[in-house]
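# Structural overview for review
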Amino acid sequence: MKEVLKPGERAFSISLLAVNIWEISEAFKMCVKKPGLSSYGALPLGLGIIMLLCLCKIILLEDRKKTSERKKLRQSFLDAIMFVFPKDIAVFVGMMLIYFAALLLGAGFMIATPFFLFISMCYMMPHEIIKNGIFTVILVALIYIIFKMIFKVTLP
């Protein structure tokens, strides 16, 4: 009996192949500017070729050993999204987007970060609200001390 492909497995392999081909072309451009084994493009080109060979093996040999369930393209796409982004991951991606938007809109690091940390920890551990608050205060204080006072970095 053949193994069944996970949702989006073949599309992921093919998209990695496309990115890898672009990476090889960029590395080749670097090698053309300064040829030689010690050039700055030699390592990326070598790694890109190794990755290309591995991806070809995966796509041509290993994916062929597996079968895929025949579904409509829209349903396959939705299944792949649900497989890659389960509920908890989707919630965290949403929270991070809200956090980034708050930073871009000028909320500032010292205002947006405690809210993000507290809300995300309360999502993960809903029955530990007091501990989450204490941990948020300690963590934000440590971040402030390390980056503002020790490294002299201006926080946004």
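The preceding data block contains the structure.
Each chain carries its own residue numbering, running from 1 in the direction its sequence is written. Local features in this predicted model are restricted to residues whose pLDDT is 70 or higher, and side-chain atom pairs enter the listing and the counts only when it is 80 or higher, whereas totals over whole chains, interfaces and linings include all residues. Excluded from the side-chain calculation are hydrogens and water; included are all heavy atoms of the structure.

## A few points about the side chain of Ser 120
Strands are runs of DSSP state E lasting at least two residues, helices are runs of H or I lasting at least four, and both sets are numbered from the N terminus onward. Here Ser 120 shows up in helix H5 (residues 109-124). The exposure class of Ser 120 is buried, given its relative accessible area of 5%. When checking whether two residues touch, look at their non-hydrogen atoms; a contact exists if any pair is within 4.5 Å. Aside from chain neighbours lying at most four places away, what touches Ser 120 is Phe 92 and Met 95. For every residue, the accessible area (1.4 Å probe, protein chains only) is compared with the maximum for its type, and the residue is labelled buried under 20%, exposed over 50%, or partly exposed between those bounds.

## Looking at helix H1 (residues 9-33)
Working note: α-helix, 3.6 residues per turn, so residues spaced by three or four point in the same direction. One less than the number of residues in a helix, times 1.5 Å, gives the span that helix is expected to have. For H1, spanning 25 residues, the distance from its first C-alpha to its last is 37 Å, which sits close to the expected 36 Å at 1.5 Å a residue. Among the residues of H1, Ser 13, Asn 20, Ile 24, Ala 27 and Cys 31 are the ones counted as buried. Buried-residue contacts for H1 involve helix H2 (42-62).

## Comments concerning the nonpolar core
Buried Ala, Val, Leu, Ile, Met, Phe, Trp, Tyr and Cys residues form a nonpolar core when they are joined through side-chain atoms within 4.5 Å. Listed in full, the six residues of the largest apolar core are Met 95, Tyr 99, Phe 109, Ala 112, Phe 116 and Leu 155. Elements with a contribution of two residues or more to this core: helix H4 (87-104) and H5. Leaving out residues up to four positions away in the same chain, Met 95 has contacts with Phe 116, Ile 119, Ser 120 and Tyr 123.

## Looking at the packing of aromatic side chains
Stacked, tilted and edge-to-face are the three classes applied to pairs of Phe, Tyr and Trp rings, where Trp contributes its six-membered ring and a pair requires centres within 6.5 Å; stacked means planes under 30 degrees apart, edge-to-face means over 60, and tilted covers the rest. Tallied over the entire structure, the rule returns four aromatic pairs. A ring pair is formed by Tyr 99 and Phe 100, whose centres lie 5.8 Å apart and whose planes are at 45°; its orientation type is tilted. Of the aromatic side chains, those joined through ring pairs into one cluster are Tyr 99, Phe 100 and Phe 116.

## What about unusual backbone geometry?
Its identity is not glycine, yet Lys 152 carries a phi of approximately 60°, on the positive side. Relative to the elements of secondary structure, Lys 152 occurs in the segment after helix H6 (129-150).

## Structural notes on the pattern of salt bridges
Side chains that carry opposite charge are capable of pairing whenever their charged atoms lie near each other. By salt bridge we mean one thing: a side-chain nitrogen of Lys or Arg within 4 Å of a carboxyl oxygen of Asp or Glu. Summed over all chains, the structure comprises two salt bridges. The salt bridge partner of Lys 29 is Glu 26, with a shortest N-O separation of 3.2 Å. In this pair, Lys 29 and Glu 26 both sit in helix H1, three residues apart, roughly one turn of the helix. Residue Glu 128 is joined to Lys 131 by a salt bridge in which the shortest nitrogen-to-oxygen separation is 3.5 Å. Overall, Glu 128 belongs to the partly exposed group, its relative accessible area being 31%. Look at Lys 131 and you get exposed, because its relative accessible area is 57%.

## Looking at the environment of Leu 43
Assignment of secondary structure puts Leu 43 in helix H2. As for Leu 43 and Thr 136, which are separated by 93 residues in sequence, their C-alpha atoms are 42 Å apart.

## Regarding the packing of H5 against H6
Every angle, taken between N-to-C directions, lies between 0 and 180 degrees, and every axis is a line fitted to C-alpha atoms, over only the stretch in contact when it is a helix. Contact geometry of H5 with H6 gives a least axis separation of 9 Å together with a crossing angle of 145°. The handedness of the crossing between H5 and H6 comes out as right-handed. Together, Phe 109, Met 110, Thr 113, Pro 114, Leu 117, Phe 118, Met 121 and Cys 122 of H5 and Ile 129, Asn 132, Gly 133, Phe 135, Thr 136, Leu 139, Val 140, Ile 143 and Tyr 144 of H6 make up the contact between the two elements. Looking at the contact of H5 with H6 residue by residue, the class counts come to 13 nonpolar, four polar and no charged. If you view the pair so one helix is near and one far, a crossing is left-handed when the near helix is turned anticlockwise from the far one by less than a right angle, and right-handed when it is turned clockwise. We call Asp, Glu, Lys and Arg charged. Ala, Val, Leu, Ile, Met, Phe, Trp, Tyr, Cys and Pro are nonpolar, and the rest, Gly among them, are polar.

## As for the packing of H4 against H5
In the contact formed by H4 and H5, the axes pass within 9 Å of each other and the chain directions differ by 170°. Of the possible angle classes, the one that applies to H4 and H5 is roughly antiparallel. The two elements H4 and H5 cross, and the hand of that crossing is right-handed. Within the contact between the two elements, H4 uses Lys 87, Asp 88, Val 91, Phe 92, Met 95, Met 96, Tyr 99, Ala 102 and Leu 103 and H5 uses Phe 109, Ala 112, Thr 113, Phe 116, Ile 119, Ser 120, Tyr 123 and Met 124. A per-class count over the contact of H4 with H5 returns 13 nonpolar, two polar and two charged. Roughly parallel means an angle under 35 degrees; roughly antiparallel means over 145; roughly perpendicular covers 65 to 115; every other angle is labelled oblique.

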